[in-house]
Amino acid sequence: MIENRHRPSRPGRRFPGSIVVMGVSGSGKSSVGERIAEAYGYPFIEGDALHPPENIRKMSEGIPLTDHDRWPWLEAIGRLLAESPGPVVVACSALKLSYREKLREGAPKRLAFVHLHGAEAVLAERMQHRTGHFMPTSLLKTQLATLEDPTGEANTVTINIDQPLDAIVEEALAALGKM
Ligand SMILES: Nc1ncnc2c1ncn2[C@@H]1O[C@H](COP(=O)(O)OP(=O)(O)O)[C@@H](O)[C@H]1O
Ligand SMILES: O=C(O)[C@H](O)[C@@H](O)[C@H](O)[C@H](O)COP(=O)(O)O
């Protein structure tokens, strides 16, 4: 977690639907997602909390998830998007196009994706310095190999993570405000 010593972000025009903050492990989904949710006054949902315990066990042991493992998790996030009474911000890796399509199916209105993109060295460094998290840095390579770049998909912005959290949040809010 980033310390809460940031200046408040000006939300501008709020994106009217739910927002998925996506990217590989360590890209900053939780940190950025919490800040977007705070700026918009939307609830924040940590997608990791919706993984079946078996998935967490596998990842903790350094075993990459398969499509089969991820499907119940994506269904749970899709249900949440479908049933939520108002917009929410969700941190979810959403690595493949088929996963994002699954989430879009569930969303009652437009769904935005904020993709956090970074070099392997930056990601590895952030994962190594994060404490108390189940995800081992050894899984970063398969995370990167699985990622299908969402550039060009509807209501999607990609942001470089090699900058301070405040700058990433500002960039995300500016892009969301124009969608
Ligand atoms: N822009 C940033 N600059 C420096 N450290 C960051 C930044 N964004 C996130 N972090 C740190 O990197 C680690 C991974 O971020 P986190 O939000 O947990 O990523 P994810 O949810 O994608 O796995 C955390 O320790 C977090 O505090
Ligand atoms: O689809 C997956 O393989 C996982 O969902 C993975 O992408 C996710 O990143 C983990 O849940 C680790 O948690 P962090 O993303 O918080 O590191």
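Above this text you will find the structure in question.
A few points on the structure. Owing to the predicted nature of the structure, the values given are computational and were not obtained by experimental measurement.

**Some remarks on the site of ligand 2**
The full set close to ligand 2 counts 15 residues, and Ser25, Lys29, Asp48, Arg70 and Gln143 are the nearest of them. Contacts to ligand 2 include serine 93, whose side-chain N or O atom sits 2.8 Å from an oxygen atom. For ligand 2, whose free accessible area comes to 400 Å², the fraction covered by protein is 98%. More than half of the atoms belonging to ligand 2 lie within 2 Å of the grid points that define the largest pocket.

**Examining the layout of surface pockets**
There is about 770 Å³ of room inside the largest pocket. Elements that contribute at least two residues to the lining of the largest pocket include exactly helix H1 (29-40), helix H3 (67-83), helix H5 (120-129), helix H6 (140-146) and helix H7 (165-178). Ranked by residue count, the leading element in the lining of the largest pocket is H1, at five residues. Classifying every residue of the lining of the largest pocket by side-chain character gives 18 nonpolar, 14 polar and seven charged.

**Quick look at the packing of aromatic side chains**
Tallied over the full model, the rule gives two aromatic pairs. With a centroid separation of 5.2 Å and 65° between ring planes, the pair formed by tyrosine 40 and tyrosine 42 is classed as edge-to-face. Of the residues examined, tyrosine 40 reaches a relative accessible area of 2% and is grouped as buried. On the basis of relative accessibility, which here comes to 10%, the residue tyrosine 42 falls in the buried class.

**What about the sheet that holds strand E2 (residues 44-46)?**
One open sheet accounts for five strands, arranged E2-E3-E1-E4-E5; its pairing is parallel. Each having just a single partner strand, E2 and strand E5 (156-160) make up the two edges of the open sheet. The sheet shows a mean angle of 20° between the axes of neighbouring strands, direction not considered. Strand direction decides the pairing type here: strand E1 (residues 18-22) and strand E3 (residues 89-91), joined by three bridges, are parallel. Each bridged residue has a counterpart across the sheet, and for isoleucine 19 the counterpart in E3 is valine 89.

**Some thoughts on the site of ligand 1**
Near ligand 1 there are 16 residues, and of these Gly26, Lys29, Ser30, Ser31 and Arg130 occur at the shortest range. Between ligand 1 and the protein, one listed contact pairs an oxygen atom with a side-chain N or O atom of serine 30 at 2.8 Å. At 3.3 Å, a side-chain N or O of arginine 126 approaches a nitrogen atom of ligand 1. Relative to its unbound accessible area of 560 Å², ligand 1 is 84% covered by the protein chains. Elements with a contribution of two residues or more to the shell around ligand 1: H1 and H7. Residue contributions to the shell around ligand 1 peak at three residues, all from H1.

**Focus on the packing of H1 against H7**
Between H1 and H7, the least distance of the axes is 10 Å, while the angle of their chain directions is 55°. The angle between H1 and H7 places the two elements in the oblique class. The chirality of how H1 crosses H7 is right-handed. Packed against H1, whose contacting residues are Ser31, Val32, Arg35, Ile36, Ala39 and Tyr40, the element H7 presents Leu165, Asp166, Ile168, Val169, Ala172, Leu173, Leu176 and Gly177 at the interface. When the residues that make up the contact of H1 with H7 are grouped by side-chain class, the tally is ten nonpolar, two polar and two charged.

**Remarks on the pairing of strand E4 (residues 111-117)**
Within E4, six of the seven residues are buried, which leaves the element mostly enclosed by the surrounding structure. Looking at chain direction, E1 and E4 are connected through five bridges and run parallel. Paired with valine 21 across the bridge in E4 is valine 114. When E4 meets E5, the two strands line up parallel, connected through five bridges. Bridging across to E5, leucine 116 finds its partner in isoleucine 159.

Each value, and the rule that gives it
- Residues numbered from 1 in each chain as written.
- Chains lettered and ligands numbered in written order.
- Predicted model: local features only at pLDDT ≥ 70, side-chain atom pairs only at ≥ 80, totals over all residues.
- Heavy atoms only, no water.
- Near = heavy atom within 4 Å.
- Polar contact = N/O pair within 3.5 Å; in protein donor to acceptor, adjacent residues only side chain to side chain.
- Areas by Shrake-Rupley, 256 points an atom, 1.4 Å probe, with all protein chains shown as cover.
- 1 Å grid on protein atoms, 1.4 Å probe; cavity = no way out; pocket = protein on both sides within 12 Å on 5 of 7 lines; lining within 4 Å.
- Sits in = over half its atoms within 2 Å of the grid points.
- Points joined across faces, edges and corners; volume = space filled by probe spheres on them.
- Helix = DSSP H or I, 4+ residues; strand = E, 2+ residues; numbered from the N terminus.
- Nonpolar A, V, L, I, M, F, W, Y, C, P; charged D, E, K, R; others polar.
- Phe/Tyr/Trp six-rings, centres within 6.5 Å; stacked < 30°, edge-to-face > 60°.
- Buried < 20%, exposed > 50% of the residue type's maximum accessible area, 1.4 Å probe, protein only.
- Pairing = 2+ DSSP bridges.
- Axes fitted to C-alpha atoms, helices over the stretch in contact; angles between N-to-C directions.
- Parallel < 35°, antiparallel > 145°, perpendicular 65-115°, else oblique.
- Left-handed = near helix turned anticlockwise from the far one by under 90°.
- Contact = heavy atoms within 4.5 Å.

As far as function goes, none of this settles anything; it's purely spatial.
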